[in-house]
Amino acid sequence: MQEPMVLTPDEALWERLFQETRGAMALCYQCGVCTAACPWGLVRREPFSVRTMMRRAQVGLLDGDESLWLCAACGQCEALCPRGVPVSEVFQSLRERAWEQRTVPRGLSSVLWSVYWNNNPWFQPPSYRSRWARDLEVPRFDPEQHEILYYVGCTSVYDRRAQKVARALVQLLRAAGVRFGTLGNDEPCCGEAVKSLGHRPYFYEIAQNNAKLFADAGVQELITTSPHCYEAFQNHYPRFQAGFRPYHYTQYLARLLEEGRLRFSREVRLRVTYHDPCYLGRRGGEYEAPRRVLDAIPGLERVEMAHFGPDALCCGGGGGRMWLETRVGERFADLRIQEALETGAQVLVTACPFCMACLEDSLRGMGVAGLRVLDVAEIAAMAV
Amino acid sequence: MWPTGMSPDGREWHFVVCMKVVPKPEEVRVDPETRRLDRAGARSEINPPDMNALEMALQLKDRFGGRVSILSMGPPFFEPYLRVGLAMGADHIYLLSDRKFGGADTLATTYTLARGIQKLGPVDLVFCGEESSDGATGQVPPGLAEWLDFSQITLVTRVELDPMRRVVRGRRERPGGYEILEVPLPAVISVKTGCNEPRFMDYRLKPWAFAPERVTVWSASDLEVDETFVGTAGSPTQVSGLAQAPSRERKRIRLEGTPEEIARVLAERLRELLR
Amino acid sequence: MAASLYGPEEAQSAFWIYLEHEQRALERVSLELLSKARALADAAGWRVAGLLLGHRVEPMVEDAFAWGADEVWVADHPLLEPFTVEAHTAIAFQAILRGRPSVFLCGATPNGRDLAGRLAVRLRTGLTADCTDLRLDLEKGGVLIGEVTGFGGGIVALITMPNHRPQMATVRPGVFPLATPQRGRTGVVIPLEVDLHPEALRTRVVERVVGRGVDLTQAPVLVVGGRGIHGRFDLLQELASLLGGEVGATRPPVDEGWIDRERQVGQTGVVCRPKVALVCGASGAFQFVVGIQNAGTVIAINTDPEAPIFEFADYGVVGDALQVIPALIEALRAERVMA
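As the structure is a prediction and not an experimental result, all values here were calculated from the model.

Notes on the overall build of chain A
When its secondary structure is counted, chain A shows 17 helices and eight strands. Taking 384 residues into account, the globule formula puts the C-alpha radius of gyration at 21 Å, and chain A, at 21 Å, falls close to it. Taken along its principal axes, the extent of the C-alpha atoms in chain A is 80 × 50 × 35 Å. Sequence separation of at least 24 residues holds for 78% of the intrachain contacts in chain A that already meet a minimum separation of 6. By element, 48% of the accessible surface of chain A is carried by carbon and sulfur atoms, the whole surface being about 15200 Å². Separation between the mean location of the 44 positive side-chain charges and that of the 45 negative ones in chain A comes to 2 Å.

This is how it looks when you write it as structure tokens:
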């Protein structure tokens, strides 16, 4: 007879998940919609059973499972879950336990150390943070003079590709006469990478420090280039009495258009399709602002892909997966490029530096001609 | 199998890691007026190679038990940085701090650290990073071993401890190869930068790590040092001039020509760079 | 101030060079040091001596003379081969106390650093580490000025030790050019007595491997291929072998299955710190660049003049790596034949 397997439920884990999800964890009744919704099912023959993970979490049965790190926090399953289980939060709690048990994949500790010593998850010198704007003379934020803080974010200040977006946004804000400043080299990392990779206590420490830092700097409103920073500020900072109001820059541009401060005077004769970043769309609840900005550009034709808005397909870069390897053939962005091609668009537009990196990577990998990836800010800057 | 946490002579394993706090290299300037180092405003960090040394020691502790002591010589501001090591799993910090220790070169530094280690009592292994990013001399580990009359293995990427024979084996990297050396305990091990991935802090340990009693500060009189051997007084070398080196930024020089012409230039450059 | 075992007034006007050797040939850095010391000694009227420790080392004495030594102090004993820090420190210490040189130089190699670090403490003298230049100040009675860099190469300092002897320094390999050897030049051989006992030597060399087993993080040269080399890693391997380095790759060639994933360089691969990274046919995606940003020098070859990799390179070649690399292999081979 086979030796019976002894399973020891982890009461403490269950207790913790219950608290972290404010009880929502308990609501899962194992319908499996999550597994069906998960984009991993599109790239793997054997779908990633989110439902099993939820069940195991409920009874406190988890080991250092590789699948713990697959979740890109795209929110597809959460959007469809009939019981409103915050699945990606559950994953983050499980990852937190992996940190405690030191079963995290290679390379992730280094990412956290980089945030700790360098104030960014990209191993870049903190004193180089404002170099992206060396020749732009962007002033230091001063609440007396400026109406808004331009929070640039780690990827946009260091990644050469994303820097172009950061610079285009300066051009747009100036065209609209917005009085703004940045925190220069003192701009802190928002901690979203830390949170997504599951080190919650460190994220809380970062958020607490930043909430105070922004308050001391007199920040009332800020704009981000990355939906990841935006989502962290919007959804996870309020518990630290962060008194500022965050905008993703597309939201702010839409407001400037509405107020008549920003006007697009030049034609941009392009057929474009917009890719909703998960952290802006499903996680941030913003589908309209980027589309309103694009639609205000004269000459621009906008078409939708097969999946858009709340159904949009993830690029694969969320949930900390920017710092983890995704095998070839399993990259969601490949599918997204395919969808974009099917629309006949010349440009795949997005509004997130991670989407940009993943989509451009797939575009090059697939050797596709006749399609390029641009950010909403870059297209908009062509129109002023 | 030997009881966990004990070395064969019946006491707990004791691993010491020498660590220091350095300014971020790209933020240090030479003041053009005074010709002195301007560290003001420079962010500090734990010397990165020392993090690899600590990780190596902690892995031995994970496997064999015992305790890991962090030893550092420097001003009081080192303290909060070093506590990071406690949150990674080290047990205690010994900070050798005294104005008299200031201005120490390799000889005085190794002497002072050696006095600190002697005061710690029985020690099995002393780990150091292969070099410090501020001085980059890499001469502390052998100097320390000499003062202590310990054996040494430098530039190590892997260690194995044999508790029964009381020896340590290390893979020592050399240009174009490596050697496996075996030495008896106690020994000084210098650890190759980047050979392992330092674990991130365990935040459950943080409150413990930041409790005052985790740090012992020893002054010159605590260590009973011969004062002619410490600090500036004990340092044979003097800095007679300082200058800012050419920028660390990439040169971004474009090379042009036919593949053959470019190949010639590259071959020349490579020869210079790899001499 | 604590004094060294002998002082400036007792020191002989001589440069001593610790002669490192591998497989019965003097290491290049030792020849560089002989060349430099010869030039400094000629200007000052000093002597140059080599310290040669090992087993069956006589054939190398001739080379030491040819490159400028006036005398070679030789210790020949089975326990001096291969290098162990205890044995070499013990014999070097005795020899130095006998010869009392004013200056003692080693290459800043693993063995040179180990030896110098121990010796300096035993002699209670100073050590200027990893010098990039050396000068001799005769007005101050022969004070050695060592130029060193710190803070990742950002700061240059001049170091002296006026009151301690010998003035010890390790010198970075490659900073001094080789002199033309004078074949047939001779000098004095001074044999050293060796009184070593196996039990006094604590280090046991279990295994010694030359030219193998180098991992990417420790490789001195990294030749990295990207999408633009279309899988021709055989060419890169040939180049890497010629340069004593290893082959790495960006993500796309790994995806294509052209090369093992262990060789992927970058954020989700290996982070390296070679002296030279030669990046061929890679555009310079940010996640890749993170993996080579600590390289001493970056050389990039890419057909696209706008490729971001050129921003991160010291030398940029706009061209097809598949044309440049074969030409480079040819040039390096030709050079080897000449040498």
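What follows continues from the structure just given.
Topic: the pattern of salt bridges
By the definition in use, this model includes 80 salt bridges over all chains. One salt bridge in this structure joins Asp314 of chain C and Arg250 of chain B, with 2.8 Å as the shortest N-O distance. With one member in each of two chains, Asp314 of chain C in the loop between strand 17 (297-302) and strand 18 (315-318) and Arg250 of chain B in the loop between strand 14 (238-244) and strand 15 (253-255) form a pair that bridges those chains. Overall, the relative accessible area of 3% leaves Asp314 of chain C in the buried class. Of the charged contacts in the structure, one is a salt bridge between Glu86 of chain C and Arg202 of chain C, with a shortest N-O distance of 3.9 Å. One end of the pair, Glu86 of chain C, is in helix 3 (residues 85-99); the other, Arg202 of chain C, is in the loop between strand 12 (188-191) and strand 13 (204-210), with 116 residues separating them in the sequence. Overlapping salt bridges bring together Glu325, Arg331, Asp361 and Arg364 of chain A together with Arg251, Asp255 and Arg261 of chain C as one network.

Comments concerning the UniProt feature "binding site: FAD" (unreviewed entry) in chain C
Those residues carrying the UniProt feature "binding site: FAD" (unreviewed entry) are Arg227, Thr250, Arg251, Gln264, Val265, Gly266, Gln267, Thr268 and Asn302 of chain C in this numbering. Spatially, the listed residues are scattered: they cover 76 residues, and their C-alpha atoms lie as much as 22.5 Å apart. Secondary-structure assignment places Gln267 of chain C in the loop between helix 6 (251-255) and strand 16 (276-280). According to the relative accessible area criterion, Gln267 of chain C is buried, its value standing at 8%. The residues touching Gln267 of chain C, leaving out its near neighbours within four places in the chain, are Val111, Trp122, Phe123, Met322 and Trp323 of chain A together with Gln287 and Val290 of chain C. For Asn302 of chain C, the position within the fold is in strand 17. A polar contact of 2.9 Å, which involves the side chain of Asn302 of chain C, links it to the backbone nitrogen of Asp304 of chain C.

Points about the nonpolar core
Membership of the largest hydrophobic core comes to 179 residues, with the highest contact counts inside it found for Met54, Tyr150, Tyr237 and Ile379 of chain A together with Leu125, Phe127 and Val168 of chain B. When residues of this core are assigned to their parent elements, the largest contribution, eight residues, is made by helix 1 (residues 48-64) of chain B. If we ignore the near neighbours within four places in the chain, the residues touching Val168 of chain B are Leu125, Ile153, Val159, Glu160, Leu161, Leu181, Glu182, Val183, Leu185, Ala187 and Ile189 of chain B. Residues Leu34, Ala64, Val72 and Val148 of chain C belong to the second largest nonpolar core, which totals 40 residues.

Describing the sheet that holds strand 9 (residues 143-150) of chain C
Judged by pairing direction, the sheet is antiparallel, and its four strands sit side by side in the order 14(B)-10(C)-9(C)-8(C) without closing on themselves. On the outer flanks of this sheet lie strand 14 of chain B together with strand 8 (133-137) of chain C, each paired with one strand and no other. Across the sheet, the mean angle from the axis of one strand to that of its neighbour is 25°, orientation sign disregarded. Strand direction decides the pairing type here: strand 14 of chain B and strand 10 (residues 155-160) of chain C, joined by six bridges, are antiparallel. Within the sheet, the bridge partner assigned to Val239 of chain B lies in strand 10 of chain C and is Ile159 of chain C.

A word on the side chain of Ser30 of chain C
Residue and element names in this part refer to chain C. Within the secondary structure, Ser30 sits in helix 1 (residues 28-44). Residue Ser30 is classed as buried on the basis of its relative accessible area of 1%. Those residues within four positions of Ser30 in sequence are excluded, and the remaining contacts are Ile17, Tyr18, Leu19 and Glu20.

A short note on the interface of chain A and chain B
Counting from both sides, the interface comprises 25 residues of chain A and, opposite them, 24 residues of chain B. Carbon and sulfur atoms make up 53% of the area that chain A and chain B hide from each other, which totals about 2000 Å². Remark: the boundary between chain A and chain B carries three salt bridges. A salt bridge links Asp62 of chain B to Arg102 of chain A; the nearest nitrogen and oxygen atoms lie 2.5 Å apart. Secondary-structure elements contributing two or more residues to the side of chain A that touches chain B are helix 6 (87-101), helix 7 (108-118) and helix 11 (200-216) of chain A. With eight residues, helix 7 of chain A is the largest single contributor of residues to the side of chain A that touches chain B.

Side note on the domain arrangement of chain A
Residue and element names in this part refer to chain A. When the domains of chain A are assigned, the result is domain 1 (11-101), domain 2 (108-256) and domain 3 (265-382). A C-alpha centroid distance of 22 Å is found between domain 2 and domain 3. Summing both partners gives a buried area of about 2400 Å² for domain 2 against domain 3, and 70% of it is carried by carbon and sulfur. Scanning the region where domain 2 abuts domain 3 turns up three salt bridges. A salt bridge links Arg283 to Glu231; the shortest N-O distance between them is 3.7 Å. Elements supplying a minimum of two residues to the side of domain 2 that touches domain 3: helix 7, helix 8 (154-158), helix 9 (160-175), helix 10 (192-196), helix 12 (227-236) and helix 13 (249-258). Among the elements that make up the side of domain 2 that touches domain 3, the one with the highest residue count is helix 9 (eight residues). When the residues that make up the side of domain 2 that touches domain 3 are grouped by side-chain class, the tally is 16 nonpolar, 11 polar and four charged.

With respect to the interface of chain B and chain C
With 85 residues of chain B at the contact, the number on the chain C side is 87 residues. Each partner contributes to the roughly 7300 Å² buried at the junction of chain B and chain C, and carbon and sulfur atoms together form 55% of this total. For the chain B face of the interface with chain C, the top three residues by lost area are Glu146, Arg250 and Arg275 of chain B, together amounting to 11%. Residue Arg202 of chain C pairs with Asp149 of chain B through a salt bridge whose shortest N-O separation is 3.1 Å. For the pair chain B and chain C, the interface holds 37 residue pairs in polar contact (both at pLDDT 80 or more). Broken down by element, the residue count for the side of chain B that touches chain C peaks at 11 residues, all from helix 7 (residues 259-274) of chain B. Across the side of chain B that touches chain C, the residue classes break down as 36 nonpolar, 24 polar and 25 charged. When strand 11 (residues 177-184) of chain B meets strand 13 of chain C, the two strands line up antiparallel, connected through six bridges. Across the sheet, residue Gly177 of chain B finds its bridge partner in strand 13 of chain C, namely Val210 of chain C.

Basis of the calculations
Residues numbered from 1 in each chain as written. Chains lettered and ligands numbered in written order. Predicted model: local features only at pLDDT ≥ 70, side-chain atom pairs only at ≥ 80, totals over all residues. Heavy atoms only, no water. Helix = DSSP H or I, 4+ residues; strand = E, 2+ residues; numbered from the N terminus. Rg over C-alpha atoms; globule rule 2.2 N^0.38 Å. Contact = heavy atoms within 4.5 Å. Areas by Shrake-Rupley, 256 points an atom, 1.4 Å probe, with all protein chains shown as cover. Lys, Arg positive; Asp, Glu negative; His and termini not counted. Charge placed at Lys NZ, Arg CZ, Asp CG, Glu CD. Salt bridge = Lys/Arg side-chain N within 4 Å of Asp/Glu carboxyl O. Buried < 20%, exposed > 50% of the residue type's maximum accessible area, 1.4 Å probe, protein only. UniProt positions renumbered as here; feature names shortened; annotations may be inferred. Polar contact = N/O pair within 3.5 Å; in protein donor to acceptor, adjacent residues only side chain to side chain. Core = buried A, V, L, I, M, F, W, Y, C linked by side-chain atoms within 4.5 Å. Pairing = 2+ DSSP bridges. Axes fitted to C-alpha atoms, helices over the stretch in contact; angles between N-to-C directions. Buried area = accessible area lost by both parts, 1.4 Å probe. Domains from an automatic or database assignment. Nonpolar A, V, L, I, M, F, W, Y, C, P; charged D, E, K, R; others polar.

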